[in-house]
Structure formats: C-alpha cells, structure tokens
Amino acid sequence: AKLNTLAKAKGKLYFGSATDNPELTNTAYVAILSDSTTFGQITPGNSMKWDATEPTQGQFSWTGADQIVNLATTNGQVLRGHNCVWHNQLPSWVSSGSFTSAQLTSIIQNHCSTLVGHYKGQIYSWDVVNEPFNDDGTWRTDVFYNTLGTDYIQIALNAARSADPAAKLYINDYNIEYPGAKSTAMQSLVKTLKAASVPLDGIGLQSHFIVGSVPSTSSLESNMNAFVALGVEVAITELDIRMTLPTTPTLLAQQKTDYTSVISACQAVDQCVGITIWDWTDKYSWVPSTFSGQGAALPWDENFQKKPAYDGIAIGF
Ligand code: XIL
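Residues numbered from 1 in each chain as written. Predicted model: local features only at pLDDT ≥ 70, side-chain atom pairs only at ≥ 80, totals over all residues. Heavy atoms only, no water.

An unreviewed UniProt entry lists the protein chain under the name Endo-1,4-B-xylanase A, with Irpex rosettiformis given as the organism.

Right, here's the structure in full:
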C-alpha cells in the first residue's frame, strides 16, 4: 500500500509532504505530489511565511499560498498552515522595526488573524509559533521576545483561535524530539499556557535528523508521551534525515533504518496524529543549500525514484 493509505490504516490522520511553489511547474513532480494515497497532507514550505504573506505592512499577498491550498483541496489532501510567527523569513518592516509593545501586539494580532482567517475552515493545524527556543532551552531573543517577552506566544495563539476556532493550534520547533533542555523548556511552556487557559492543541516536532544520529525509538516515544501527558497532541512536522554526500549503499541502508525508527515512535503514540516529510524528493530538499556537503535526506531521489528510505517508512507503520 502507499504511505498515506498505510498511515490511515494504522490509525494516523495523515502521511504528508511539504511542497513549494517553484516546484509546481514540474508536471511529473505534481503528479506524484497529487496522489493522495501517498500524500494525504500538504504543508506549504515557504508561501505562508510572513515575508510572503504580508511583505508590506497591512498589504497581504495570497498568490503562492492560495496555489498550494487550492492544489491540496482539489486533491482531497489535509493542510497544515506554516506559520504565523517566526524569527526567520520576516519582512524587514517587522525584523528591523522598532515598535512599542502595544504596536507589536497589534501587528501580530493583525498578521495572525488575517492569515489564519483567510484559510478559515481549510486548515487542519497551524504552526502558530515556530522555533521560540534556543537549543539550550532559553528563549530566542528575536524582535517578538525582545519587545513583548513571552507574551507574544499567547497573543499569537489567541488571535489564531479567534480567526479559525476549528484549526488545531501548534507550537513547532526542532531539537525537541528527544529529552533534553530544549524539550524541557517546551514542556514548561505548554504547562504555563495550559494553566493560563491559552489555546494550544499540539506540539510540532520538526525532526530534521542526521543519518546514524537519529534518537532511538524509545527516546522519541517517551518524549512524545511527555508532551501528550500535558494535554496536547503531537505531530512530526518536517521530517528529513540527511547524510554527508556522496550517498553510499551503507548510508542509504542506515537511512532506511532511521526512517523506520521515527515512524515507529509516532506509531506507538496514539496522540501522534501524523507525519510530514519536508518535501519528498531530494531534487527539492532544503538540505543541500543549508547544510554544506549534506543532502539525500528524503525517501525519493532526485529522479523521483524510491530509495530504501521509502520502504523504511512503510515498515514503520
Ligand atoms: C525552509 C524552506 O524549506 C526553505 O526553502 C527556505 O529557504 C528556508 O526555510 N524549519 C522550518 C521551515 O520551520 O520553515 C524551514 O523551511 C526549514 C527549517
């Protein structure tokens, strides 16, 4: 069976992929992406980010995001929204602005409510806040934190809830997939928000991993359970498992095992609702341009041929 069919048969809501607008001119790519038995869910990799959706204050641009939402809707695929508030890919009017706390509050409220409201009723879950923490578990000192302290989190979540009450609201981050200072910090945040009745439904575990260094299934699983115990669901939101190039049969075999470990962990936790890979073909992976000398992180190669990792995913379900 195909991967989304397998995922659903095993109790998950979806198996899905990120995609991005430039790739949608490749008809062979779109044909595979559009197969909802393989991909039951889509995340726009870039086109819902702040620089794309509100490049100038108060002027919203939906072209790229609408294209992906329309494609997913046509294909019967669930959508994850990504994202409202993040330190990266901000337009300069936000990142270099000097705002009072009242001004930035209304800027966040307007951005999140307009973005989430534009897609009201069409999105399963939103990454309302992306990457709030440093790796040591301290708060990332971006324009939001520097101006508003931790209040920006609840400002964004409340705005998103009002704009689309049916959407699941997530905070998403990396290096929180396994126990450690950063996961502990995220768990503390979940507790604080829940205690204050701030709307929060899920934690997104990005899962940008490295072949041979993937946390064990038991470590991934116990970490997911720690979040679930606090009253949130979890999802694997940006899975890829990169290697130092060139690929070798040994590395590809290890990658297969590593994918199985991650899927198995989600499979073992009922409240791990789904898995999203951060695009599906090495041709369009973000990895080579971000991590020098690394790549081949996805289950299909650059020629859209399935790699051993594909079977590794199927085995995990
Ligand atoms: C990446 C995109 O895939 C790239 O195309 C872009 O140049 C940079 O951002 N964590 C996230 C994603 O939450 O938004 C990032 O996506 C990858 C890391």
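> Mind showing me how you'd approach the pairing of strand 5 (residues 168–173) here?
Side-chain direction in a regular strand flips from residue to residue, so the side chains alternate between the two faces of the sheet. With 5 of its 6 residues buried, strand 5 lies for the most part within the structure. The pairing of strand 4 (residues 125–130) with strand 5 spans 5 bridges and is parallel. Bridge pairing links serine 125 to lysine 168 in strand 5. Sheet topology places strand 5 next to strand 6 (residues 202–205); 4 bridges connect them, and they run parallel. Considered in strand 6, the bridge of tyrosine 170 is made with glycine 202. As for the winding sense of the linkage, the β-α-β connection from strand 5 through helix 9 (residues 181–195) to strand 6 is right-handed. (Buried < 20%, exposed > 50% of the residue type's maximum accessible area, 1.4 Å probe, protein only. Helix = DSSP H or I, 4+ residues; strand = E, 2+ residues; numbered from the N terminus. Pairing = 2+ DSSP bridges. Right-handed = clockwise from strand over helix to strand, strands pointing away.)

> Before we go on, may I ask you to explain helix 8 (residues 151–163) in this structure?
For an α-helix the count is 3.6 residues per turn, leaving residues at separations of three or four pointing the same way. Its 13 residues give helix 8 an end-to-end C-alpha distance of 19 Å, which sits within 8% of 18 Å, the value for a rise of 1.5 Å per residue. Turning to helix 8, its buried residues number three or more, namely Tyr152, Ile153, Ile155, Ala156, Leu157, Ala159, Ala160 and Ala163. Where helix 8 is buried, its residues meet strand 3 (78–85), helix 6 (101–118), strand 4, helix 7 (143–148), strand 5 and helix 9. (Expected span 1.5 Å × (residues − 1). Contact = heavy atoms within 4.5 Å.)

> How should I be thinking about empty space enclosed by the protein in this particular structure?
Sizing a probe to match a water molecule and rolling it over the atoms shows the empty space that remains. Under the definition given, this model contains 1 cavity of 30 Å³ or more. One number sums up the size of the largest cavity: a volume of about 30 Å³. Around the largest cavity, the lining residues are Glu177, Leu205, Ser207, Leu220, Met224, Ile236 and Val262. Residues of the lining of the largest cavity, tallied by class, amount to 5 nonpolar, 1 polar and 1 charged. (1 Å grid on protein atoms, 1.4 Å probe; cavity = no way out; pocket = protein on both sides within 12 Å on 5 of 7 lines; lining within 4 Å. Points joined across faces, edges and corners; volume = space filled by probe spheres on them. Nonpolar A, V, L, I, M, F, W, Y, C, P; charged D, E, K, R; others polar.)

> What is the right way to read the environment of leucine 239 from this model?
Relative to the helices and strands, leucine 239 is located in strand 8 (residues 233–244). Measuring from C-alpha to C-alpha, the distance between leucine 239 and serine 218 comes to 17 Å, with 21 residues separating the pair along the chain. Setting aside its immediate chain neighbours within four residues, leucine 239 contacts Gln206, Ser207, Phe209, Tyr259, Val262, Ile263, Ile275, Thr276, Ile277, Trp278 and Leu298.

> I tried to follow the side chain of aspartate 20 on my own but got confused; where do I start?
Along the polypeptide, aspartate 20 turns up in the loop between strand 1 (14–19) and helix 2 (27–33). The charged side chain of aspartate 20 is buried without a salt bridge, its nearest counter-charge being lysine 49 at 7.4 Å. Of the polar contacts made by the side chain of aspartate 20, one reaches the side chain of asparagine 46; its length is 2.7 Å. Look past the residues within four positions of aspartate 20 in its chain and what remains in contact with it is Asn46, Ser47, Ile68 and Asp279. (Lys, Arg positive; Asp, Glu negative; His and termini not counted. Salt bridge = Lys/Arg side-chain N within 4 Å of Asp/Glu carboxyl O. Polar contact = N/O pair within 3.5 Å; in protein donor to acceptor, adjacent residues only side chain to side chain.)

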